[in-house]
Amino acid sequence: MTLAGAIRTVMGIIGNVIAFGLFLSPAPTFRSIVKNHTTGDFSGAPYVATLFNCLLWVLYGLPFVTSNSVLVITINTIGCVIESVYLGIFLFYASKRIEKARVAGMISIVLTVYLGIVLAVFMASKDHHTRRKFAGICCAVVTIAMYASPLSIMRTVISTKSVQYMPLLPLVAGLFNGATWTAYGFLGQPHDYYIVVPNLVGACLAVIQLILYGFYSRTGKPRPIVKDLWPRIEHHAGCCNQQAAV
């Protein structure tokens, strides 16, 4: 193994550890749901999106699609299991039938779309390069979309001049996660830009959010927490999990 290969493996292991922590970050929310026997105002949408993201990256990491991507498969397989547990708890304790039906419908749509992508990769794509390109573009688009989803929180921070809607720890973890996976993709031979590009975008967005946090934590005025904003904050936490998924 070359030095670059060894460093890449180390980056992948670090990325797995950080991502695992991000996947577990909503655990207190689900302990609360189980304790109170209700999902309250929390939304299940972020966990469906994260499950979809993880499934795509598992597909991308398979040897038939991309070689030498075991660390991509491991963390995203773990992510699929964790998100499935979250969604199972959510559906069991969903306090509104319409919310339960909405989340169940989203899961059905995601699994149908995923099955279509899998069939396209393995049946329509004849060669390894085409399979990797198609799966990689799908992964990159979904990951960038999930990295960009906290932009609504950034607007809230600017409008309220308060950082209480932007938790610091997920921002820092998201930055390190994006930077780690960017390095992992760049150290591949050849460079894996399907991993590099979305995670570089994510790292840059995390830097922007940290700058906002630093500015408004010093100059902003404390504001009372608005209950309706908590689902949006939970969405932000959920998207950090997606960021975890390579």
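The model shown is predicted, which means the values in this text are computed figures rather than measured ones.

Novice: An account of the state of the cysteines is requested, with residue identities and associated values reported.
Specialist: Should the sulfur atoms of two cysteines be covalently bonded, the bond is a disulfide. Tallying each qualifying case throughout the model produces zero disulfides. The cysteine cysteine 80 is free of any disulfide, with cysteine 54 supplying the nearest cysteine sulfur at 4.9 Å. Take cysteine 138: it sits in no disulfide, and the sulfur closest to it among the cysteines is that of cysteine 139, at 6.9 Å. Its relative accessible area of 17% is what places cysteine 138 among the buried residues.

Novice: With reference to specific residues and values, describe the side chain of threonine 180.
Specialist: Looking at the element boundaries, threonine 180 is found in helix H8 (residues 168-186). The class of threonine 180 is buried, set by a relative accessible area of 8%. A distance of 2.6 Å separates a polar side-chain atom of threonine 180 from the backbone oxygen of phenylalanine 176. The contact partners of threonine 180, leaving out residues within four places of it in the chain, are Met11, Ile14, Gly15 and Ile18.

Novice: A description of the pattern of salt bridges should follow, citing residues and the corresponding values.
Specialist: What the rule picks out here adds up to two salt bridges. Here arginine 102 makes a salt bridge to glutamate 99, at a shortest N to O gap of 3.2 Å. Separated by three residues within a single helix, arginine 102 and glutamate 99 lie in helix H5 (residues 97-124), roughly one turn from each other.

Novice: Lay out the UniProt feature "transmembrane region" (unreviewed entry) in the chain in plain terms, naming residues and giving numbers.
Specialist: UniProt's entry tags residues 6-24, 45-65, 71-94, 101-122, 134-153, 165-187 and 193-216 with the feature "transmembrane region" (unreviewed entry), counted in the numbering of this structure. Helix makes up 100% of residues 6-24 and strand 0%, with an end-to-end C-alpha separation of 27 Å. Here residues 134-153 is 90% helix and 0% strand, with 31 Å between the C-alpha atoms at its ends.

Novice: Before we move on, can you summarise the packing of aromatic side chains with the specific residues and values?
Specialist: Counting across every chain of the model gives nine aromatic pairs. With centroids separated by 5.4 Å and ring planes inclined at 85°, the aromatic side chains of tryptophan 57 and tyrosine 60 adopt a geometry described as edge-to-face. Here tryptophan 57 and its partner tyrosine 60 are both found in helix H3 (residues 45-61), three residues apart, which amounts to about one turn of the helix. Neither residue differs from the other here; tryptophan 57 and tyrosine 60 are each classed as buried. Three or more aromatic residues joined by ring pairs make a cluster, and in this case those are Phe30, Tyr47 and Tyr86. Positioned over the ring face of tyrosine 184 is arginine 8, at 4.0 Å from the centre of the ring.

Novice: Run through unusual backbone geometry, naming residues and quoting values.
Specialist: Omega for the peptide link from glutamine 189 to proline 190 comes to 0°, which places this bond in the cis form. Counting through the fold element by element, proline 190 comes out in the loop between H8 and helix H9 (193-219). You will see that asparagine 68, though not glycine, has its phi angle at about 55°, which is positive. By secondary structure assignment, the location of asparagine 68 is in the loop between H3 and helix H4 (70-93). At lysine 161, a residue that is not glycine, the phi angle is positive and equals roughly 55°. Structurally, the position occupied by lysine 161 is in the loop between helix H7 (151-160) and H8. According to the relative accessible area criterion, lysine 161 is partly exposed, its value standing at 45%.

How each quantity is defined
Residues take numbers from 1 onward in each chain, read along the sequence in its written order. In view of the model being predicted, local features appear only for residues whose pLDDT reaches at least 70, and side-chain atom pairs are presented and counted only at 80 or more, with totals across whole chains, interfaces and linings using the full set of residues. With hydrogens and water set aside, each side-chain value is computed from the structure's full complement of heavy atoms. Put simply, a disulfide is two cysteine sulfurs that come within 2.5 Å. Relative accessible area decides the class of each residue, using a 1.4 Å probe on protein chains only: under 20% of the type maximum gives buried, over 50% gives exposed, and in between gives partly exposed. Each helix corresponds to a stretch of at least 4 residues labelled H or I by DSSP, and each strand to a stretch of at least 2 residues labelled E; elements are numbered beginning at the N terminus. Nitrogen and oxygen atoms within 3.5 Å of one another constitute a polar contact, given that in protein one can donate a hydrogen and the other can accept it, and given that sequence-neighbouring residues count only through two side-chain atoms. Should any heavy atoms of two residues lie within 4.5 Å, those residues are considered in contact. Definition used for salt bridges: Asp or Glu carboxyl oxygen within 4 Å of a side-chain nitrogen of Lys or Arg. UniProt positions are given in the numbering used here, feature names are shortened, and annotations may be inferred rather than shown by experiment. Side-chain rings of Phe, Tyr and Trp (the six-membered ring for Trp) are treated as a pair once their centres are within 6.5 Å; stacked means planes under 30 degrees apart, edge-to-face means over 60, and tilted covers the remaining angles. A positively charged side chain is recorded as over a ring if its NZ (Lys) or CZ (Arg) lies within 6 Å of the ring centre. The angle to the ring normal must also be within 35 degrees.

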